[in-house]
Amino acid sequence: MNVIKTALSLIAGLSAALIAYSAFFVRGDLGGVMAYLRARGALRRLRESGTPEQVAQGKAQLQALGQQVGDPALAAQLIPLALTVGLLVGGLVWWAFSRRQSGAPRTDIQERMVFRLAHRMGGRFTLDDLRAASPLTDEQARAVTARLLDLGRLTRDGDAFRLR
């Protein structure tokens, strides 16, 4: 599970850093990015049906629009900020997974597993059935069935348990 937590934290952090860098590169001007993309599409269509002069003029306009929208110098200056954002996001993902793993297993989830299994098996099941059909360990299976017996939601029927 540590490998998954590390991989997801790394992916989230790097993605956030890349998104922050991209936002800095265009100075947050999403309208300018969309205008550039529309102009690039228009140039592609112009290449198919336009004259060489029109294509050259379209390329020049696209390049001018790209220089107007993007600011590589600002983005380069803000790389440390983008990396800090990525580090914070990666840290939050790591913290969220660590918190989730360190918490005690929720008993209501375990009880629902038992009830679903019981319903699938016609209201009657054994501890072997529970171990085979759920991710519960032996200890957890015994604890949840004992708890449900105490609450009166299950009854013992020899080696099996039955829903009430």
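Residues numbered from 1 in each chain as written. Predicted model: local features only at pLDDT ≥ 70, side-chain atom pairs only at ≥ 80, totals over all residues. Heavy atoms only, no water.

Undergrad: Just to check I follow, could you spell out the nonpolar core for this structure?
TA: Generally speaking, nonpolar side chains in soluble globular proteins are found buried as a group. Val114, Phe125, Leu130, Val144, Leu148 and Leu154 are the most contacted members of the largest nonpolar core, which has 13 residues in total. Broken down by secondary-structure element, the contributors of at least two residues to this core are helix 6 (107–120), helix 7 (127–133) and helix 8 (138–151). The dominant element in this core, judged by the number of residues it contributes, is helix 6, at four residues. The residues contacting Leu130, other than those within four sequence positions of it, are Val114, Leu117, Phe125, Leu136, Ala141, Val144 and Thr145. (Core = buried A, V, L, I, M, F, W, Y, C linked by side-chain atoms within 4.5 Å. Buried < 20%, exposed > 50% of the residue type's maximum accessible area, 1.4 Å probe, protein only. Helix = DSSP H or I, 4+ residues; strand = E, 2+ residues; numbered from the N terminus. Contact = heavy atoms within 4.5 Å.)

Undergrad: Help me understand the packing of helix 2 (residues 30–49) against helix 3 (residues 52–69) in this model?
TA: A pair of packed helices is captured by two measures, namely the crossing angle of their axes and the spacing between those axes. Closest axis-to-axis distance for the helix 2/helix 3 pair is 10 Å, and the angle between their directions is 165 degrees. Here helix 3 runs roughly antiparallel to helix 2, going by the angle between their axes. Classified by chirality, the crossing of helix 3 by helix 2 is left-handed. Along its contact with helix 2, which presents Gly32, Val33, Ala35, Tyr36, Ala39, Arg40, Leu43, Leu46 and Arg47, the element helix 3 presents Gln54, Val55, Gly58, Lys59, Leu62, Leu65, Gly66 and Val69. (Axes fitted to C-alpha atoms, helices over the stretch in contact; angles between N-to-C directions. Parallel < 35°, antiparallel > 145°, perpendicular 65-115°, else oblique. Left-handed = near helix turned anticlockwise from the far one by under 90°.)

Undergrad: Can you help me understand the pattern of salt bridges in this one?
TA: In this structure the tally under the stated criterion is eight salt bridges. Glu111 is the partner of Arg153 in a salt bridge, and the nearest nitrogen-oxygen pair spans 3.9 Å. Taken together, the residues Arg153 in the loop between helix 8 and strand 2 (154–157) and Glu111 in helix 6 connect sequence positions 42 residues apart. Under the relative-accessibility criterion, Glu111 is labelled buried at 13%. Across the pair Arg124 and Asp157 runs a salt bridge whose closest N-O atoms are separated by 3.1 Å. Here Asp157 lies in strand 2 and Arg124 lies in strand 1 (residues 124–126), a separation of 33 residues in the sequence. Look at Arg124 and you get partly exposed, because its relative accessible area is 41%. Because the salt bridges share partners, they merge into one network encompassing Glu111, Arg147 and Arg153. (Salt bridge = Lys/Arg side-chain N within 4 Å of Asp/Glu carboxyl O.)

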